[in-house]
Amino acid sequence: MIKQYMSAMGVQDKQYHKGDFKVNSPIDGAIIGNVTLDTIGAADIKIKNANAAFQEWRMVPAPKRGELIRLLGEALREHKHDLGALVSLEVGKIKEEGLGEVQEMIDICDFAVGVSRQLYGLTIASERPGHHMRETWHPLGVIGIISAFNFPVAVWAWNTALAIVCGNPVIWKPSEKSPLVALACQALFEKALAKFGDAPAHLSQVLLGKTDIGNALVENKDVALISATGSTRMGRLVGPKVAERFGRSLLELGGNNAMILAPSADLNLALRGILFSAVGTAGQRCTTLRRLFIHESVIDDILPRVKSAYETVSIGHPLEGNLIGPLIDEESFNNMQSALKKARAAGGKVFGGERVLIDKYPNAYYVKPAIVEFDEQNDVARSETFAPILYVMTYKDFDQALAMQNDVTQGLSSCVFTNDLREAELFLSDRGSDCGIANVNIGTSGAEIGGAFGGEKETGGGRESGSDAWKNYMRRQTNTVNYSTNLPLAQGINFG
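Keep in mind it's a predicted model, so treat the numbers as computed, not measured.

The next subject is unusual backbone geometry. A positive phi angle, close to 60°, is found at Phe246, a residue other than glycine. One non-glycine residue, Leu357, lies in the positive phi region at around 60°. For Leu357, the location among the structural elements is in the loop between strand S13 (355–356) and strand S14 (366–367). Classification of Leu357 by relative accessible area gives partly exposed; the value is 30%.

What follows is the structure in structure tokens.
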């Protein structure tokens, strides 16, 4: 099955069968590939090649650069099923989520094509007569992308589509847990390049490896921007290293996301929002719902319904119509069990969380999603575990709920379910949610590419995807043109 999808997308057999690094599927633990990891020396060569590509690509008009991304979008449309299925096989996403991730790639390509004709600067009023001021944007340089396993292709597309139309080459270091989809994406990019024609070599490259290869990107002064998606722990290592060499970093890190469920809420709508946000991708989204604050007047109505829904969701092979696939690996399972153990020790009432399907998949880790009821928010609930654990607490008044929601170190996604206009607007106000994403009557997961994606505090402050996120991949320049025969100085200074 792997061979079928890889061949269809143009990946050569030797690229994923002849190496010495084993790739295991979380579905059943089976080996689905053997790839060759890059060396530090190979990384240095690829960075040099990318810089050579930059010298040429930045000279190509932006709308023409957009044509390459249009062709990439067409290649993704043609191979949506192949790539979506490969995502499921390599990282365990259910079929609909795998296909949805590829659709997100297609959407960002469409968005970037439009951006290629809208890299707008400003005209600025000058205080000096006979002068014009303006602001222009120029290509930045080599873009290094470090991505995580949970969105193994979309994050690459977010960065690559915009970086390419902005005039930059990219080097991608995917998670070592998902190298096959990276090889497939590179093959599709090369299909687009073949149709495009006149483009420099090495415009897009893949670096396969572990932490040492990531460091090779992070520490190299010739990589203008590091866009890194992963844990807060990873961000603490990457950010200072890039800053030390005065490079730029775009960090997308952890998220301990919350929902406030108000007494006026549509509980049927909220139930659906809770379920997808909390158990989608087996709780392995950065936007997964991890904390649920329910008004004390409705908890007896909604919580039993949530538990009932948890009992009925199907768990199993992600390509066989189930709603929850496996955790990525044993380490993830152990982290989940450790968090549940701490929750019990802290007085939490734990519902679910046990391993299932052991007889059928002894080398894989399928779990029932867990609900933990706490009397109040504590350090266990404030700690993010990348697994399907939902901490449930009650509140009395809205200000208390807001305070609890914001009382974590992360600030990625948040939501409120309410039909009270004042609560909704307060939630979105400057004294409301402190997250980069704040939703009303929508769950914490499922962001569209049209808006900037990212968060505050220990989430890193980066913004990717829509809005004006393209500015990350360019350098700003202020221009002043004197078209007069005089040379007046700013601020009225006169040297006589």
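Moving on to the pattern of salt bridges. Taken as a whole and judged by the stated rule, the model has 23 salt bridges. For Glu74, the salt bridge goes to Arg77, with nearest N and O atoms at 3.5 Å. Separated by three residues within a single helix, Glu74 and Arg77 lie in helix H4 (residues 62–78), roughly one turn from each other. For Glu74, a relative accessible area of 37% puts it in the partly exposed group. Three or more residues are tied together by salt bridges with common partners; here these are Glu74, Arg77 and Asp110.

Turning our eyes to something else, we now look at helix H15 (residues 398–406). Of the positions making up H15, those classed as buried are Phe398, Ala401, Leu402, Met404 and Gln405. End-on, the buried residues of H15 take up no more than an arc of 165°, which puts them together on one face. Elements that come into contact with the buried residues of H15 comprise strand S10 (257–261), strand S11 (289–295), strand S16 (389–395), strand S18 (413–417) and helix H16 (421–427). Residue Asp397 occupies the N-cap position of H15, its side-chain oxygen lying 3.2 Å from the main-chain nitrogen of Asp399.

By the secondary structure assignment, Ala8 is in helix H1 (residues 2–9). Using a relative accessible area of 31% as the deciding quantity, one classes Ala8 as partly exposed. On a C-alpha basis, the gap between Ala8 and Leu188 in space is 9.9 Å, while along the polypeptide they are 180 residues apart. The residues contacting Ala8, other than those within four sequence positions of it, are His79, Asp82 and Lys191.

Along the chain, the position of Glu90 falls in helix H5 (residues 80–91). Of the side chains with opposite charge, Lys93 comes closest to the buried, unpaired Glu90, at an N-O distance of 12 Å. Here Val181 takes part through its backbone nitrogen, which lies 2.9 Å from a polar atom of the side chain of Glu90. Ignoring sequence-local partners within four residues, the contact set of Glu90 consists of Val23, Asn24, Pro26, Ile32, Lys177, Ser178, Pro179, Leu180, Val181 and Ile328.

Once that is clear, we can look at the packing of aromatic side chains. To describe a pair of aromatic rings, you give the distance between the ring centres and the angle between the ring planes. Under the defined criterion, the tally for this structure stands at eight aromatic pairs. An angle of 50° between the planes, with centres 5.1 Å apart, marks the rings of Trp158 and Phe453 as tilted. A residue pair is termed long-range when its members are at least 10 positions apart, and Trp158 in helix H7 (residues 154–165) and Phe453 in strand S20 (residues 452–453) qualify at 295 residues. Accessibility assignment for this pair places Trp158 and Phe453 in one class, buried. Just above the ring of Phe151 sits the side chain of Lys93; from NZ or CZ to the centre is 3.4 Å. Above the plane of the ring of Phe333 lies Arg355, whose end atom (NZ or CZ) is 5.8 Å from the centre.

Parameters at a glance
- Residues numbered from 1 in each chain as written.
- Predicted model: local features only at pLDDT ≥ 70, side-chain atom pairs only at ≥ 80, totals over all residues.
- Heavy atoms only, no water.
- Helix = DSSP H or I, 4+ residues; strand = E, 2+ residues; numbered from the N terminus.
- Buried < 20%, exposed > 50% of the residue type's maximum accessible area, 1.4 Å probe, protein only.
- Salt bridge = Lys/Arg side-chain N within 4 Å of Asp/Glu carboxyl O.
- Arc of directions from axis to C-beta.
- Contact = heavy atoms within 4.5 Å.
- Polar contact = N/O pair within 3.5 Å; in protein donor to acceptor, adjacent residues only side chain to side chain.
- Lys, Arg positive; Asp, Glu negative; His and termini not counted.
- Phe/Tyr/Trp six-rings, centres within 6.5 Å; stacked < 30°, edge-to-face > 60°.
- Lys NZ or Arg CZ within 6 Å of the ring centre and 35° of its normal.

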